[in-house]
Amino acid sequence: MNMTSPSDNNEGPVTRLMRERLEAAFSPETLVIEDDSNKHAGHAGHPRRSESHFTVTLVSQAFENESRISRERMVQKALSDLLPDRIHALRLKLDTPLRQE
């Protein structure tokens, strides 16, 4: 079952760029990108523009036999052109299809 949430008109430009890069790099079974920026308004490091803090849930066969650190590095590499200028904070939930709970 493919649970990749589709891109829609409610997604901002940073979310769309993240989705494009992550789908291309990982062919995910599940990809959910949550924009948590509104929870950080007024905090140090929160830019005036929106879309700076995200939680990404990504399930992909590409993570098979990779450690947690290796998985995080893989995602950071795929999003490297957006870090840190466009993405200030990134919470990652990364798994393989067999280990997903």
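What you see is a predicted model; the values in this text were computed from it and never measured.

Caption draft 1: Region of interest: the sheet that holds strand β1 (residues 30-35). Overall, mixed pairing links the 3 strands, which are arranged β1-β2-β3 in an open sheet. In this open sheet, the two strands that pair with only one neighbour each are β1 and β3 (89-95). Strand-to-strand twist in this sheet, taken as the mean axis angle between neighbours without regard to direction, amounts to 10 degrees. Both strand β2 (residues 53-59) and β3 contribute to a ladder of 7 bridges, which runs parallel. Bridge pairing links Thr57 to Lys93 in β3. Running at roughly 160 degrees to β1, helix α1 (residues 13-26) makes contact with β1, β2 and β3 of the sheet. Sitting on the sheet, helix α2 (residues 68-78) touches β2 and β3, and the angle it makes with β3 is about 125 degrees.

Caption draft 2: Main features of the side chain of Asp36. With respect to the helices and strands, Asp36 occurs in the loop between β1 and β2. Residue classification places Asp36 among the buried positions, given a relative accessible area of 10%. Here Thr55 takes part through its side chain, which lies 2.5 Å from a polar atom of the side chain of Asp36. Sequence-distant contacts of Asp36, that is, excluding residues within four places in its chain, are made with His53, Phe54 and Thr55.

Caption draft 3: Structural view of the pattern of salt bridges. Under the definition given, this model contains 4 salt bridges. Linking Arg21 and Asp81 is a salt bridge whose minimum nitrogen-to-oxygen distance equals 2.7 Å. On the criterion of sequence distance, the pair formed by Arg21 in helix α1 and Asp81 in the loop between α2 and β3 is long-range, its members being 60 residues apart. Taking the relative accessible area as the measure of exposure, Arg21 reaches 24% and is therefore partly exposed. The partner of Asp95 in a salt bridge is Arg71, with the nearest N and O atoms 3.8 Å apart. Of this pair, Asp95 sits in strand β3 while Arg71 sits in helix α2, and the two are 24 residues apart along the sequence.

Caption draft 4: Region of the structure containing unusual backbone geometry. Cis geometry marks the peptide bond from Leu83 to Pro84, where omega comes out at -15 degrees. Positive phi outside glycine occurs at Ser27, with the angle close to 40 degrees. Assignment of secondary structure puts Ser27 in the loop between α1 and β1. Given a relative accessible area of 59%, Ser27 falls into the exposed group.

Cut-off values and rules
Residues numbered from 1 in each chain as written. Predicted model: local features only at pLDDT ≥ 70, side-chain atom pairs only at ≥ 80, totals over all residues. Heavy atoms only, no water. Pairing = 2+ DSSP bridges. Helix = DSSP H or I, 4+ residues; strand = E, 2+ residues; numbered from the N terminus. Axes fitted to C-alpha atoms, helices over the stretch in contact; angles between N-to-C directions. Contact = heavy atoms within 4.5 Å. Buried < 20%, exposed > 50% of the residue type's maximum accessible area, 1.4 Å probe, protein only. Polar contact = N/O pair within 3.5 Å; in protein donor to acceptor, adjacent residues only side chain to side chain. Salt bridge = Lys/Arg side-chain N within 4 Å of Asp/Glu carboxyl O.

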